[in-house]
Each structure stands twice: as C-alpha cells, then as structure tokens.
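# Fold and contact review
So the chains spell out like this:
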Amino acid sequence: MAPLLFELKHWMSEQLPLVMPKSPLGQAIAYSLQRWEGLSAYALHGQIEIDNNLAENAIRPLAIGRKAFLFAGSHQAAEMTAAMYSFMATCKKNGVNEQQWLTDVLERIQSHKHKDLYQLLPNNWSKYRKQDV
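Residues numbered from 1 in each chain as written. Predicted model: local features only at pLDDT ≥ 70, side-chain atom pairs only at ≥ 80, totals over all residues. Heavy atoms only, no water.

## A look at the pattern of salt bridges
Defined as follows: The salt bridge definition used is simple: a Lys or Arg side-chain nitrogen within 4 Å of an Asp or Glu carboxyl oxygen. Secondary structure follows DSSP: runs of H or I at least 4 residues long count as helices, runs of E at least 2 residues long count as strands, and numbering of each begins at the N terminus. For every residue, the accessible area obtained with a 1.4 Å probe (protein chains only) is divided by the maximum for its type, and the residue is called buried under 20%, exposed over 50%, and partly exposed between those limits.
Following the criterion strictly, the structure yields two salt bridges and no others. Of the charged contacts, one joins arginine 108 and aspartate 104 as a salt bridge, the two residues approaching to 2.9 Å between their closest N and O atoms. Taken together, the residues span about one helical turn, with arginine 108 and aspartate 104 both in helix H7 (residues 98–108) at a distance of four residues. By the burial criterion, arginine 108 is buried, and aspartate 104 matches it. A salt bridge links lysine 115 to aspartate 116, with the nearest nitrogen and oxygen atoms 3.5 Å apart.

Written as structure tokens, this is what we have:
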C-alpha cells in the first residue's frame, strides 16, 4: 500500500502547478498535500483506521438528537432529553441494558434515600442492584 501512496503523492505534486488553484481538482490536491502525513498515517500504523466510520457511527445518535432538541417544546424539555441521552450513553458504555435500568430506576427512585441516589446511576447500578434484590 505504501508504494502506491508514494506514487499518488508524487503524481499530485506534479499536477498541482498544472491545474487552476481554485478548481475543484486544484483545491483537492492542495488539501491532500497539506495534510499528507495525517492522510497516509494509516499505512504506517496498523492500529489506525483508514476512515472515521466507527467514530461517525458512535456520534450519529447525538447528531440526530440535536435536531430533535430544537423541537422539544421548551428549554427544560430539551435539557431533560439531553440528560436521558447521557444516561443511555452511560448505560451502553457500562454494558447495562437501557430498558432494564430505566424500568428499575423508575420503580425504585421514589423510595430511595437521597444520599444513595448515586447507586442508581448507570455506572453504579449493576453493583448496587444486586445488593438490593
């Protein structure tokens, strides 16, 4: 892969003075050459992905939610929606089933001691749920 990338960089370097700088091709070549080290890093380091699809897929729900926040009805409703997104993301990060967590928390929160509310957070829930059951 690296030899092919080297040839591509060489070709772009030759073409840059021959194309109009403001043309789409000229802009693309200039952009690529200015960022060549970062664009070709994946060929030198096996742990680097060629694209950022994994990161894009991870933030897609947030981007979709951001549009929904505009139509939440009020500022307070948008804040509550954002809080729920945070709780759900924390559940995913900690391997907690979101529906089980939310059902359990809604059933127990009214009778839970104020000082122990931290136990209901998704990152603590599994640990303290086993003690309560």
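## A closer look at the layout of surface pockets
Note the cut-off: Method remark: on a 1 Å grid restricted to protein atoms, a set of points is classed as a cavity if a 1.4 Å probe fits but cannot get out and as a pocket if it is open with protein on both sides within 12 Å along at least five of seven lines; lining residues have an atom within 4 Å of a point. Grid points are joined across faces, edges and corners, and a volume is the space filled by probe spheres set on the points. Just so you know the grouping, Ala, Val, Leu, Ile, Met, Phe, Trp, Tyr, Cys and Pro go in nonpolar, Asp, Glu, Lys and Arg go in charged, and all remaining residues, Gly too, go in polar.
In this structure, the largest pocket spans a volume of roughly 250 Å³. Along the walls of the largest pocket sit Ala58, Pro61, Leu62, Thr81, Met84, Tyr85, Met88, Ala89, Lys92 and Lys93, which together make up its complete lining. Among the elements of the structure, helix H5 (53–69) and helix H6 (75–93) are those that each provide at least two residues to the lining of the largest pocket. Looking at which element gives the most residues to the lining of the largest pocket, the answer is H6, with seven residues. Considering only residue class, the lining of the largest pocket consists of seven nonpolar, one polar and two charged.

## Re H7
The condition that has to hold: By arc we mean the arc of the directions from the helix axis to the C-beta atoms, nothing more. Distance and chemistry together define a polar contact, namely a pair of N or O atoms within 3.5 Å, with one atom able to donate a hydrogen and the other to accept it when in protein, and with adjacent residues in sequence counting only for side-chain atoms on both sides.
All of the buried residues along H7 are Trp101, Asp104, Val105 and Arg108. On an axial view of H7, the arc spanned by its buried residues comes to 100°, and they lie on one face. Those residues of H7 that are exposed and angled more than 90 degrees off the buried face are Gln99, Leu106 and Glu107. N-cap assignment for H7: the residue whose side-chain oxygen lies 2.9 Å from the backbone N of glutamine 99 is asparagine 97.

## Brief notes about the packing of aromatic side chains
Worth spelling out the cut-off: Any Phe, Tyr or Trp ring, taking Trp's six-membered ring, that has another such ring centre within 6.5 Å forms a pair; planes under 30 degrees apart are called stacked, those over 60 apart edge-to-face, and the others tilted.
Applying the stated rule across the entire model yields two aromatic pairs. The interplanar angle of 40° and the centroid separation of 5.3 Å between the aromatic rings of phenylalanine 87 and tryptophan 101 together place this pair among those described as tilted. You can see phenylalanine 87 sitting in helix H6 and its partner tryptophan 101 sitting in helix H7, a full 14 residues away along the chain.

## Here we look at the nonpolar core
Rules: Buried Ala, Val, Leu, Ile, Met, Phe, Trp, Tyr and Cys residues form a nonpolar core when they are joined through side-chain atoms within 4.5 Å. Any pair of residues with heavy atoms lying within 4.5 Å of one another is described as a contacting pair.
Ranked by size, the top nonpolar core spans six residues in total: Cys91, Val96, Trp101, Val105, Leu120 and Trp125. Contact partners of tryptophan 101, with chain neighbours within four places excluded, come to Phe87, Met88, Cys91, Val96, Leu120, Leu121, Pro122 and Trp125. Within the second largest apolar cluster, five residues are counted, among which are Leu5, Met12, Ile29 and Tyr42.

## Focus: the confidence of the model for the chain
The criterion, for reference: Confidence scores labelled pLDDT are given residue by residue by the predictor and lie between 0 and 100.
Residues at a pLDDT of 70 or more form 95% of the chain, whose mean pLDDT is 87. Highest mean pLDDT in the chain belongs to helix H2 (residues 24–34) (96); lowest belongs to H5 (77).

## Comments concerning the environment of isoleucine 59
Inspection of the secondary structure assignment puts isoleucine 59 in helix H5. Residues isoleucine 59 and arginine 35 lie 24 residues apart in sequence; the distance between their C-alpha atoms is 24 Å.

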